[in-house]
Number of protein chains: 2
Amino acid sequence: MTGDAGEGRIVVHKYEQVAASIRESIAQSLSPHDALASERELMAIHGVSRMTVRKAISVLVEEGRVYNVHGSGTFVGSADIFSKTPKLTSFTEDMISRGSTPSSRVLELTRIAAPDQVALALGLAPSSEVTKIRRLRLADDTPIALEEVYLPTTVLPTESLNLGSSLYEQLRLAGYEVFRAEQEIMAISLSAEDSRLLDVAEGSAALSVTRVSSSRRGQLIEFARTTYRADRYTFQLAVTRDDK
Amino acid sequence: MTGDAGEGRIVVHKYEQVAASIRESIAQSLSPHDALASERELMAIHGVSRMTVRKAISVLVEEGRVYNVHGSGTFVGSADIFSKTPKLTSFTEDMISRGSTPSSRVLELTRIAAPDQVALALGLAPSSEVTKIRRLRLADDTPIALEEVYLPTTVLPTESLNLGSSLYEQLRLAGYEVFRAEQEIMAISLSAEDSRLLDVAEGSAALSVTRVSSSRRGQLIEFARTTYRADRYTFQLAVTRDDK
DNA sequence: AAGTGGTCTAGACCACCGC
DNA sequence: CGGTGGTCTAGACCACTTC
């Protein structure tokens, strides 16, 4: 039974179906701190094994929708505590998820020798060639950030870049799928030029995020620095203690 | 059978033993991007089932020590890519893990009516009583942060507070174990008073972290705001894309 | 085609919670 | 004490990578 009728079917794992069903139950008929059906009941309801039920629940736990209490049950999480595990997103994805409409203005697109800090961070020889992209990013037509991206030309030649479409998608097609990144968040005072571009007073505080992206295999792909207006952008994340 | 001999014996799960063994192999004889033994080999080596091996590996993946490639194997992660999944830590723990010696100076310890923002964030009635703790935090005897903590007096009476020992430990003993927190990170310009306390120029940029902590069950426990000197503190974290 | 990790089954026992 | 989640076994088939 492959259920190939209808649309082009990609395999949907059973645990995803179970998780989706539980998500629906939560949305329709459960309140925060209500108990879910027990794992053994969920096995019977969905006709799957215990491991599949537990995998489904673990997905929901990671999403912050439910929590386990050993010996007692699995419960719906507080409504206002939605999952904010930070994910690696593009500026465009980030703005859309925040409910804003993103746009951008290219300020610079050049091929240069990698600055020392970039070469060091990406493990490149001292003056390797990189593509530098500098863009003013806007949300709902108001400046919100300045972004500088550095890409080794060996990863993606400058000429084949298309700033009109997703950079991460182009990297993926070139065999460099971005999988993880290390980010450093700091506060800075804006320079005269940057404050003019962002349309704020000189010396205003700003949030600066430096990112080094790598593939699943650990190849260093991208160095980026994004400077956000302090009055229009904050960074939110959920953290847990201990673990276990 | 409490196993009271020597130190308190707690059950060590098999997957933890397998994980520990793999950690040791990595430290002793493997380099980044070397392949681990396959899951089936690890089953034989440790005499455990596949699920136990996979659980052990999943622990290591979460620590950032190894990564999976479907169809190919499990590999040692890059050395410089150590786990930076942000955890909820106290100021003291944070400074120690950064290699500094923490100390602090209490600026204020009062019982007040909760400010609007605090009452709102903690879900308290408008003028509920809270304990306000304001401290100057130092690292290696130099000011690094200003911290304001608000605790409902119903959680912990002001009089029973002991600022000399871990606040989280006191909360745990009072039945309010802090499990998770939502944090908001933003950039601000320092006020005249705060810049004097932190020993920097007035109007300097600073990193402000606002935290709302809750128990495993979602009870809101603590509201805190910490203002860090931009030149002495940055926030680092690893993020991944997609999930799955 | 062979080997790898990813999903899944149908059981079992243990540790913990609340009555 | 019964019910809950946490760990664990011994299998099986699938999807993917590599040769």
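By the naming in an unreviewed UniProt entry, chain A is GntR family transcriptional regulator, taken from Herbiconiux flava.

Here the focus is unusual backbone geometry. Notably, D199 of chain A is not glycine yet its phi reads approximately 65°, a positive angle. By relative accessible area, which is 58% here, D199 of chain A ends up exposed. Phi at D141 of chain B takes a positive value of approximately 70°, unusual for a residue other than glycine. Locating D141 of chain B in the fold gives a position in the loop between β4 (129–139) and β5 (142–152).

So, on to the sheet that holds strand β3 (residues 102–113) of chain B. Spatially, β9(A)-β6(B)-β7(B)-β8(B)-β5(B)-β4(B)-β3(B) is the arrangement adopted by the 7 strands of the open sheet, whose pairing is antiparallel. The open sheet has two edge strands, β9 (235–240) of chain A together with β3 of chain B, and neither has a second partner. Averaged over all neighbouring strand pairs, the angle between strand axes comes to 20°, with direction disregarded.

This part is about the relation of the copies chain B and chain A. The two copies are related by a screw motion: chain B maps onto chain A through a turn of 180° and a shift of 0.1 Å along the axis, at an RMSD of 0.3 Å. These values place the two chain copies in the arrangement generated by a two-fold rotation axis.

Contacts to DNA strand D come from 27 residues, most closely from R50 and G71 of chain A together with K14, S49 and T52 of chain B. The sugar-phosphate share of atoms of DNA strand D within 4 Å of the protein amounts to 61%. Take R50 of chain A: an N or O atom from its side chain is 2.8 Å from a base nitrogen of DNA strand D. Contact between DNA strand D and S49 of chain B: a phosphate oxygen at 2.7 Å from a main-chain N or O atom of the residue. Counting residues per element, the ones that place at least two in the surface near DNA strand D are α2 (39–46), α3 (50–62), β1 (66–69) and β2 (73–76) of chain A together with α1 (14–29) and α3 (50–63) of chain B. Here the surface near DNA strand D takes 3 residues from α3 of chain B, the largest share from any one element. Grouping the amino acids of the surface near DNA strand D by side-chain chemistry returns 5 nonpolar, 14 polar and 8 charged.

Considered domain by domain, chain A is made up of domain 1 (14–76) and domain 2 (91–229). Of note, the centres of domain 1 of chain A and domain 2 of chain A, computed from C-alpha atoms alone, are 39 Å apart.

With that settled, consider the sheet that holds strand β3 (residues 102–113) of chain A. In space, the 7 strands of this open sheet follow the order β3(A)-β4(A)-β5(A)-β8(A)-β7(A)-β6(A)-β9(B), with antiparallel pairing throughout. Pairing within the sheet leaves two strands with one partner each, and these edge strands are β3 of chain A together with β9 (235–240) of chain B. Pairwise comparison of adjacent strand axes, ignoring direction, gives a mean angle of 20° for this sheet. As judged from the 11 bridges shared by strand β6 (residues 178–189) of chain A and strand β7 (residues 205–215) of chain A, these two strands associate in the antiparallel manner. Its bridge partner lying in β7 of chain A, A181 of chain A is registered against S213 of chain A.

Here we come to the pattern of salt bridges. When their charged atoms lie close together, side chains carrying opposite charge are able to pair. A complete count under the given rule lists 35 salt bridges over all chains for this structure. We note a salt bridge from E108 of chain A to K132 of chain A, for which the minimum N-O separation is 3.6 Å. With a gap of 24 residues between them, E108 of chain A in strand β3 and K132 of chain A in strand β4 (residues 129–139) connect regions that are remote in the sequence. Its salt-bridge partner being E147 of chain B, residue R135 of chain B comes within 3.4 Å of it at the nearest N-O pair. You can see R135 of chain B sitting in strand β4 and its partner E147 of chain B sitting in strand β5, a full 12 residues away along the chain. On the accessibility criterion, R135 of chain B (8% relative accessible area) is buried. Taking the relative accessible area as the measure of exposure, E147 of chain B reaches 5% and is therefore buried. Linked through salt bridges whose partners overlap, the residues forming this network are R134, E148, E193 and D194 of chain A.

Close to DNA strand C lie 25 residues; K14, S49 and T52 of chain A together with R50 and G71 of chain B are nearest. Each atom of DNA strand C within 4 Å of the protein belongs either to a base or to sugar and phosphate, the latter forming 60%. Here Y15 of chain A contributes a side-chain N or O atom positioned 3.0 Å from a phosphate oxygen of DNA strand C. One of the side-chain nitrogen or oxygen atoms of R50 of chain A is found 3.4 Å away from a base nitrogen of DNA strand C. Those elements that place two or more of their residues in the surface near DNA strand C are α1 (14–29) and α3 of chain A together with α2 (39–46), α3, β1 (66–69) and β2 (73–76) of chain B.

Each side of the interface is counted separately: chain B has 48 residues, and chain A has 47 residues. Where chain B meets chain A, there are 0 salt bridges. Between the two partners, chain B and chain A, sit 11 residue pairs in polar contact (both at pLDDT 80 or more). Mapped onto the side of chain B that touches chain A, the elements with two or more residues apiece are β1, β6 (180–189), β7 (205–214) and β9 of chain B. The biggest single contributor to the side of chain B that touches chain A is β6 of chain B, with 10 residues. Tallied by class, the residues present in the side of chain B that touches chain A amount to 23 nonpolar, 13 polar and 12 charged.

How each quantity is defined
Residues numbered from 1 in each chain as written. Chains lettered and ligands numbered in written order. Predicted model: local features only at pLDDT ≥ 70, side-chain atom pairs only at ≥ 80, totals over all residues. Heavy atoms only, no water. Buried < 20%, exposed > 50% of the residue type's maximum accessible area, 1.4 Å probe, protein only. Helix = DSSP H or I, 4+ residues; strand = E, 2+ residues; numbered from the N terminus. Pairing = 2+ DSSP bridges. Axes fitted to C-alpha atoms, helices over the stretch in contact; angles between N-to-C directions. Least-squares fit on C-alpha atoms with pLDDT ≥ 70 in both. Near = heavy atom within 4 Å. Polar contact = N/O pair within 3.5 Å; in protein donor to acceptor, adjacent residues only side chain to side chain. Nonpolar A, V, L, I, M, F, W, Y, C, P; charged D, E, K, R; others polar. Domains from an automatic or database assignment. Salt bridge = Lys/Arg side-chain N within 4 Å of Asp/Glu carboxyl O. Contact = heavy atoms within 4.5 Å.

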